[in-house]
Amino acid sequence: MSSWQGKTRGGVLGYQIFIWTLKYLGIRFAYLLLRFVVAWFVFNSREAFSSIYSYFRNIQSYSVTKSLISIFRNYYIFGQILIDKVAMLSGSQHKFTFDFEGEEYLRQMHNGGLLISAHVGNWEIAGNLLNRLNKRIHIIVFDAEHKRISGYLKDIMKERNVHFIVIREDYNHLNEIQQAFASGDIIAMHGDRFIEGNKTVTIDFMGKPAHFPVGPVNLAARFKVPVSYVFAVKETRSHYHFFATPLYQIEFTRNLQKRELILGKAVTVYVRKFEEILRRYPLQWFNYYDFWKFEPETIT
């Protein structure tokens, strides 16, 4: 299976344009502008187009026509979510409504914990909930490109209780993670991507075998913090639904064989919850690379 290459499409300029639009023209105009951006991406993102088409055609079993329509809808929802994300992080969360299902579990993270999500919906709205819980959240990001974007976003997030931890080759990020957990903070990260060389486990996912990283659950085990699998999906133009699972304590052991079994089970629990969300909201998965490694299909 092809792994993610560690880079996210887009750059600071795109965020600047939409932030300016949100500030001076409003979110409705930003959504209108988005239609033209989506049309451009549909015709100029061959690799992403092919991957998301395979997802709709081979995993969701959509017809060719429905798959093509779903690609545009997927891109458009993704763009809306990016706009919503910037609006929320810059202090306009009052324009949105939320359902928080499982909030009580996060309130049980008295001494900190780990949230594992996926590239589905808008998981950053967890920060809105954590502000109500008086908890600081640290979001783990994986690439230098995203680091530039998050650095720019800090300028509009000065009053938000959010901090980014960037994965670095020198492993200095581990010190930040340790300090965050020691302070009783909460760390959030994705569990549906990995970079070539990361340790993975193969699990049946949506009817096909796929690789998932064990790093996130191993992090919870090593630092002895509870984990909750969380997802936040867009249900209407201005309404989101947040899901959090009961806390899951992952045992840490130095027995390598036993450790693999424990971590594999923890990832499986995550994948099963992920499947539930993806079946309910099939248009809201935004992983634009070949997750299952399908043979290219000729569209006729």
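Please refer to the structure placed before this passage.
An account of the accompanying structure is given in this report. (Residues numbered from 1 in each chain as written. Predicted model: local features only at pLDDT ≥ 70, side-chain atom pairs only at ≥ 80, totals over all residues. Heavy atoms only, no water.)

**Considering the pairing of strand β9 (residues 239-244)**
Regular strands place their side chains on alternate faces of the sheet. Across the six residues that make up β9, a large majority, six, are buried. Of the two faces of β9, the one carrying His239, His241 and Phe243 and the one carrying Tyr240, Phe242 and Ala244 are both buried. The pairing of strand β1 (residues 97-101) with β9 spans five bridges and is classified as parallel. Bridged to Asp99 within β9 is His241. Summarising the sheet, strand β8 (residues 227-236) and β9 pair through six bridges and their orientation is antiparallel. Bridge assignment links Lys234 to a residue of β9, and that residue is Tyr240. Hairpin connection between β8 and β9: a loop of two residues separates the two successive antiparallel strands. (Buried < 20%, exposed > 50% of the residue type's maximum accessible area, 1.4 Å probe, protein only. Helix = DSSP H or I, 4+ residues; strand = E, 2+ residues; numbered from the N terminus. Pairing = 2+ DSSP bridges.)

**Topic: a nonpolar patch on the surface**
A contiguous nonpolar surface patch, about 410 Å² in accessible area, is contributed by Leu25, Phe29, Leu32 and Phe36. Position of Phe36 among the secondary structure elements: in helix α2 (residues 27-44). (Patch = residues over 30% accessible without salt bridge, like charges linked within 9 Å, V, L, I, M, F, W, Y side chains within 5 Å. Areas by Shrake-Rupley, 256 points an atom, 1.4 Å probe, with all protein chains shown as cover. Salt bridge = Lys/Arg side-chain N within 4 Å of Asp/Glu carboxyl O.)

**So, helix α9 (residues 215-222)**
α9 sits mainly inside the fold: six of its eight residues count as buried. All buried positions along α9 are accounted for by Pro216, Val217, Asn218, Leu219, Ala220 and Ala221. Positive phi shows up at Lys224, right after α9, with a value of about 55°.

**Comments concerning the pattern of salt bridges**
With the rule as written, the count across this model stands at six salt bridges. Of the charged contacts, one joins Glu260 and Lys199 as a salt bridge, the two residues approaching to 3.8 Å between their closest N and O atoms. Here Glu260, found in helix α10 (residues 256-280), pairs with Lys199, found in the loop between β5 (186-190) and β6 (200-205); they are 61 residues apart in sequence, far enough to count as distant. Side by side, Glu260 and Lys199 carry an identical accessibility label, which is exposed. A salt bridge links Arg272 to Glu275, with the nearest nitrogen and oxygen atoms 3.1 Å apart.

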